[in-house]
Each structure stands twice: as structure tokens, then as C-alpha cells.
Amino acid sequence: TTIPYSAVHRNVRIEKASEVMRLPAGRLVDVVETRYVDRDGGHIRGRLASGGWISLVNVEDNVQYAKKIDRPNNAGRPTPLAPDGTPAGAAASGSPTAAANNG
């Protein structure tokens, strides 16, 4: 499956009316916080340093919308876990970089 873009929302909750922009596949972003949102099967969401939230992973069907790209200064840091024990996909601190997944 190719995911052509990632929707950026104002809030951590996924609501169509809160969409503020779309990031093309492959766009690099800094994720500064992650949260588990128990809606539509459960999503791990990432707050962007530039503002807004994107989905990183749908935990119900294991669709990954973004992938973590380690920067050299993040080497060796453990990946935090969501409340359900799944990898959060991005560290909550240290401004990791994520790229919108294109498939």
C-alpha cells in the first residue's frame, strides 16, 4: 500500500475538521512528543516541532504512516513504548526525525 501523504491535524485526536495541511510522502519532520489515541483501532500520534499532529502507526492493523530516522545525537537511546506496549515509533524528546511513509 502506498500512502501518498500524511494529514497534519491541530489536535492529537483525529478529526477531519481539524486537518490543517498534508505532508507529501518522504517529507522529514521533527517529532517532539508521542501519544497513544484510542480511536479508530488506536493510533500512535506524533506532535510536530512545527505544530500539529500526525499519525505514526495504526496499532490495530499495524499500518505504519511514518518511520523513525535516527540522527547521530540520538544513537543508543531506547525507543519509548505506547501504553499498550507497542513501539511509539519516535522518541518523546531529542527531536527525532520521522519521514512520511510512502509504502
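Sequence order as written defines the numbering, with residues in each chain counted from 1. The predicted nature of this model means local features are confined to residues of pLDDT at least 70 and side-chain atom pairs, given and counted, to a pLDDT of 80 or more, with totals for whole chains, interfaces and linings taken over all residues. Only hydrogens and water are set aside when side-chain values are computed; all heavy atoms of the structure are taken into account.

### Quick word on the environment of Ala-49
Okay, so step 1: A helix here means a DSSP run of H or I that spans at least four residues, while a strand means a run of E at least two residues long, and both kinds are numbered starting from the N terminus. Tracing the sequence through the fold places Ala-49 in the loop between strand E4 (43–48) and strand E5 (53–58).
Okay, so step 2: Any residue under 20% of the maximum accessible area for its type is buried, any over 50% is exposed, and the rest in between are partly exposed; the area is computed with a 1.4 Å probe on protein chains only. In this structure Ala-49 comes out as exposed when scored by relative accessible area, which is 52%.
Okay, so step 3: Only heavy atoms matter for contacts: two residues are in contact if any of them lie within 4.5 Å across the pair. Among residues more than four places away in sequence, those in contact with Ala-49 are Asp-30 and Val-32.

### Remarks on the side chain of Ser-55
Okay, so step 1: Take Ser-55: it is sitting in strand E5.
Okay, so step 2: The exposure class assigned to Ser-55 is buried, which follows from its relative accessible area of 12%.
Okay, so step 3: For Ser-55, the contacting residues outside a window of four places in its chain are Ile-14, His-43, Ile-44, Arg-45 and Tyr-65.

### Regarding the nonpolar core
Okay, so step 1: In plain words, nonpolar cores are sets of buried Ala, Val, Leu, Ile, Met, Phe, Trp, Tyr and Cys residues tied together by side-chain atoms within 4.5 Å. One finds Val-8, Leu-23, Val-29, Val-31, Ile-44, Leu-48, Ile-54, Leu-56, Val-57 and Ala-66 forming the largest nonpolar core, which totals 10 residues.
Okay, so step 2: Only strand E3 (28–37), E4 and E5 provide two or more residues apiece to this core.
Okay, so step 3: When residues of this core are assigned to their parent elements, the largest contribution, three residues, is made by E5.

### Notes on the confidence of the model for the chain
Okay, so step 1: Predicted confidence across the chain gives a mean pLDDT of 74, with 64% of residues reaching 70 or more.
Okay, so step 2: Confidence of the predictor in every single residue is expressed as pLDDT, which spans 0 to 100. The least confident element of the chain is strand E8 (residues 97–100), whose mean pLDDT is 54; the most confident is E4, at 92.
Okay, so step 3: Under a pLDDT of 50 for its full length, residues 89–97 has, in the predicted model, 36 contacts with residues more than four places off or in other chains.

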